[in-house]
Structures are given as structure tokens and as C-alpha cells.
Amino acid sequence: MLPLSSSSIHHISKSIFSLISSRKPYCFSTMSTINLKSPVFAGNPIRSKTPKSDHPFSPTSAFQTLKILLSPQSHFQEPPPSSSPEFQVLPFRKGRPLAGSTGDLIKKWHLGWLSFGDFRDVLENSEVKLSEELLVYLGYKIKEEDESNSNSVVYWAIDVSEGVSLVEKFGGRKLTFVELRTLMVATDWGDDDAMGQLAIAGHARALLEWHNTARFCGSCGEMLVPTEAGTRKQCIKDSCKKRIYPRVDPVVIMLVIDKENDRALLSKGARFVPRMWSCLAGFLEPGESLEEAVRRETWEETGIQVGEVVYHSSQPWPVGPSSMPCQLMIGFFAYATSLEINVDKRELEDAKWFSREEVKNALTFAEYEKAQKTSAYKVDQICKGVEKGQNLASDFNVESGELAAMFVPGPFAIAHHLISSWAHDQVSESGISTQKKGVVPRL
């Protein structure tokens, strides 16, 4: 199961886009209290469009301003308001974004953005020596309707993992580096601003982790250096000069449904939280279509044969291992043509058919809001320096104090929306309804 390069996934993305571009936006909805406008980590508010190279907020233009600010001749503490946008910087350490707690049970947390001048002051006398190669361009945002430079912000990310002393410095400001997964669970899904900040942090982590792993040219073995404000890399060897693009690893994730559309196949992985069941998933291999990957993975892991495969939605997933910093989860409904399960114990711990009612109970019984509040409290404690770790498995206790017989991943995961869409017969991005006795396109 080999990951593909971002150039390969480009063709996949085009085909998916053509499938859904004529449809109305899909509003993810699973329970009355959870209504997502887009999947978690999607809907990045500073990446709605890519500016041209001559645009004042493009990576090229922003990088030129950055070089001036970092030059020894520069006397500015901030970009000049009349000629340059404001710069904001988000530090990361070991894949964790800088964050703080609001102390508010509703707003919960915020990213630790610093102005460029403030960030430069914090780095002074630390182990991190600021240079333009370390900063990675994330995007920009217009503060007001007019596009005057003074009303705009350009956002950057930087890895300060070597700055051990910075942990204490940021701690004095009630800021600390928090696992992105913890922030993901702590996020209020109804807060558009928080969801946008989470998407920005996910994008930043994916780029920074890619920089950390893509250090040498795959063609000649020479070093790679950042180009285009860190959005690309290039080989330093004159006879090579190969350009490298950020890595994206496509993963198919599928809810397998029986012929009668009455039961769904859920699996349990060895590393899952106890009592959690989810969809099957696997990496796309070179030379196969998305539908072929769905059928192959289902057969390899459970022995179930799949016929019809229907696209549902997709989700970026930047919280995987650093070796695969940005997975693209591509979700499907897969309709089984056989029922006998033969689990590959090397891949899964177990797999079972569950009725629609059992799945509905699993969706209702797991206290996703309680998990959210527990994680928000955890972030608050970490930022206060009180708590350094907690097992998130405890976040899924039910209201009576008893343990749910089973539950499925929370609304932050595409698996939840695949499962919930089937259980409640909802319409997917592609306009497909999982009605009984098969799928019916809704035009």
C-alpha cells in the first residue's frame, strides 16, 4: 500500500471535483447539536484562493518583504503599514502548534499567533536563529473589503523544535505547544472561527512536517532547499534542480453495506480506543482507481467482495504520523456482494456486521460533547502548566457512568459522517442518498 506524490493526487482531485462541482454545498449533520459546514481541517479561511506571483500577498511578494525585514539594514520592527501587509507567525514544536486557553468553556482555545516583531523579540538569545528559510507561507486574509495592504495579514508558520528555552518563554505568556489531535477534539464544532483556526493549524503542520522529512533529493541525493516561501523545495545540484511539491497521501475510507442496505460492516483496529468501531480504510496504490482500492482493501482485510462503490466526501487529515504529514481521506459507500467475514488479523482485530439500529445507538450513546469539554479542560490545564498528559479514552464515558457497548469516531472524523449518513439516510456531497435497496442519485 504505497502513498502517491501530490502530482499524482492532482488528477484524482480533478476527477472528484468534476463529480461534485455542480452540486450544492453539503452540510454535514449527524445529530441535532452537530452541524458542520465542511469536514474538520477543511474550509481553511486563508487559502480560499491562490494569489498570482505579482499579487502583493503572494508567496513570492511576501517572501521579498520578509527578506527585507530580516536584513541587517532593516530598522523596522513591523512591516510598514503603508506598503506591506501585517505579518503573523505561528510557532510549532515537534508537530505541535502554539496555543493558549481562553478560560472560557465556550470559546475554549486559540492559536498562539505572534506579530513578526514580537516573535523576533521572543527568539532573541534562544537556540533558534531566525532566517527566511525557516518560515513557511500559509496564506493571507483581507481584514476589510478593500484590498489595501495595510488592511491585510499574511500568515507564516515556523518549526522551533530546537528552541528548548522557548517553552519557558511562551509558558510565561500562558502559551504552550499542544497536540493537534487534542485541539481537534477540544474544538467547538459550531464555532466557525475555531474550525477555521484548526484548519490553518492542520495545513501548517502538514507543510512543516513535510519539510522535516523531505530533506534530500530522490533523484541525486543532494540537499533540498525551500523555495517559493517554503511552499516548494528544490535540489541544490545545478545539473538536477528537481522541484519537490508537498506530499499528499490518498487514503480510501469506506462504509461497507450489505445487499439489503440493512447492515453496515464496521471494524476494530488493534490500536483503537477500547469499544471503538470504525470504517475500513487503506492507502491507494499506484496504478489503481479509487474504486479498485476500495474493493481491494475490503477484500484484503475482511474477505468481503464489493460491487458498487459510491463517492461520499473527502477530508484532509494532517494528524497522522510525521512520515505521512497530510493524508487525504476519500470516503465511499461500498455495497457488498458477499457476507461471510474472514478477518486478516495482521490488519484488524475484528470486523462485524451491525444493524442500522445498533449503529444509531452507537452514534447516540457516545458523549461527543463530553469528550469536547474534557479536551478543552485538558488544553486549559496544559496552558496553565498544571497537566502534561491525559488519556483521551476517558473522554468517552456515558452520562450514566456506565460504558457504551460500542461507539464510533467523533464528528471530527470522516468515518463518523459516513456512518451517520447511512444510519440516518442523509445526502452526501455527490447528491447520493443511501436509501434502502440501493443508492438513488438526487439531482
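Residues numbered from 1 in each chain as written. Predicted model: local features only at pLDDT ≥ 70, side-chain atom pairs only at ≥ 80, totals over all residues. Heavy atoms only, no water.

In plain terms, the rule: UniProt positions are given in the numbering used here, feature names are shortened, and annotations may be inferred rather than shown by experiment.
Under an unreviewed UniProt entry, the name given to the chain is NAD(+) diphosphatase, and the source organism is Centaurea solstitialis. As stated in UniProt under Catalytic activity (unreviewed entry), the record for the chain gives "a 5'-end NAD(+)-phospho-ribonucleoside in mRNA + H2O = a 5'-end phospho-adenosine-phospho-ribonucleoside in mRNA + beta-nicotinamide D-ribonucleotide + 2 H(+)". Regarding the chain, the UniProt comment filed under Sequence similarities (unreviewed entry) reads as follows: "Belongs to the Nudix hydrolase family. NudC subfamily."

**Section: helix 6 (residues 192–213)**
Our working definition: In DSSP terms, a helix is any run of H or I states spanning at least four residues, a strand is any run of E spanning at least two, and both are numbered starting from the N terminus. Expected span, for any helix, means 1.5 Å times one less than how many residues it has. The classification of residues rests on relative accessible area computed with a 1.4 Å probe and restricted to protein chains. Under 20% of the type maximum is buried, over 50% is exposed, and intermediate values are partly exposed. Residues adjacent in sequence count toward polar contacts only when both atoms are side-chain atoms; beyond that, a polar contact is any pair of N or O atoms within 3.5 Å, and within protein one must be able to donate a hydrogen and the other to accept it.
In a regular helix each residue adds 1.5 Å, so 22 residues correspond to 32 Å; helix 6 covers 32 Å between its end C-alpha atoms and thus fits that length. Most of helix 6 is tucked away, with 18 of its 22 residues classed as buried. For helix 6, the N-terminal cap is Asp191; the gap from its side-chain oxygen to the backbone nitrogen of Asp193 is 3.0 Å.

**Observations concerning the confidence of the model for the chain**
Rule in force here: The pLDDT value tells you how sure the predictor is about a given residue, anywhere from 0 up to 100. We call two residues in contact when some of their heavy atoms are within 4.5 Å.
Counting all residues, the mean pLDDT for the chain is 82, and 77% of those residues have values of 70 or more. Averaged pLDDT values over the elements of the chain bottom out at 35 in strand 20 (residues 440–441) and peak at 98 in helix 7 (residues 290–302). Overall, residues 389–401 carries pLDDT values under 50, and its contacts beyond four positions in sequence, including any with other chains, amount to 27 contacts. Counting interchain partners and residues more than four positions distant, the pLDDT-below-50 stretch residues 436–443 has 25 contacts.

**Overview of the pattern of salt bridges**
Keep this limit in mind: For salt bridges, the criterion is a side-chain nitrogen of Lys or Arg within 4 Å of an Asp or Glu carboxyl oxygen.
Taken as a whole and assessed by the stated rule, the structure comprises 11 salt bridges. Between Glu228 and Arg243 there is a salt bridge, and its shortest N-O distance comes to 2.5 Å. Of the two residues, Glu228 sits in the loop between strand 10 (224–227) and strand 11 (232–235) while Arg243 sits in strand 12 (residues 243–244), which places them 15 residues apart along the sequence. Relative accessible area serves as the criterion here: at 35%, Arg243 is assigned to the partly exposed category. The closest approach of N and O atoms between Lys241 and Asp238, which form a salt bridge, is 3.7 Å.

**Considering unusual backbone geometry**
Phi is positive for Asn261, which is not a glycine, with a value near 60°. Looking at where Asn261 falls in the secondary structure, it is placed in the loop between strand 13 (249–257) and strand 14 (263–268). On the basis of relative accessibility, which here comes to 0%, the residue Asn261 falls in the buried class. With a phi angle near 75°, Arg275 is a residue other than glycine that sits in the positive phi range.

**Some details on the side chain of Thr187**
The topology assignment puts Thr187 in the loop between helix 5 (180–186) and helix 6. Polar contacts involving the side chain of Thr187 include one to the side chain of Trp109, which spans 3.3 Å. Setting aside chain neighbours within four positions, we find Thr187 in contact with Trp109, Ala194, Met195, Leu198 and Gln372.

**Side note on the nonpolar core**
Within soluble globular proteins, side chains that are nonpolar tend to cluster in buried spots. Note the cut-off: Throughout this description, the term nonpolar core refers to a set of buried Ala, Val, Leu, Ile, Met, Phe, Trp, Tyr and Cys residues connected via side-chain atoms within 4.5 Å.
Among the nonpolar cores identified, the biggest contains 70 residues, and Leu138, Leu255 and Leu266 are the most heavily contacted of them. Per-element accounting of this core gives the leading share, 8 residues, to helix 6. In contact with Leu138, other than residues within four places in its own chain, are Ile46, Arg47, Trp113, Tyr155, Trp156, Ala157, Ile200, His203, Ala204 and Leu207. Leu66, Phe87, Leu123 and Val128 belong to the second largest nonpolar core, which has 25 residues in total.

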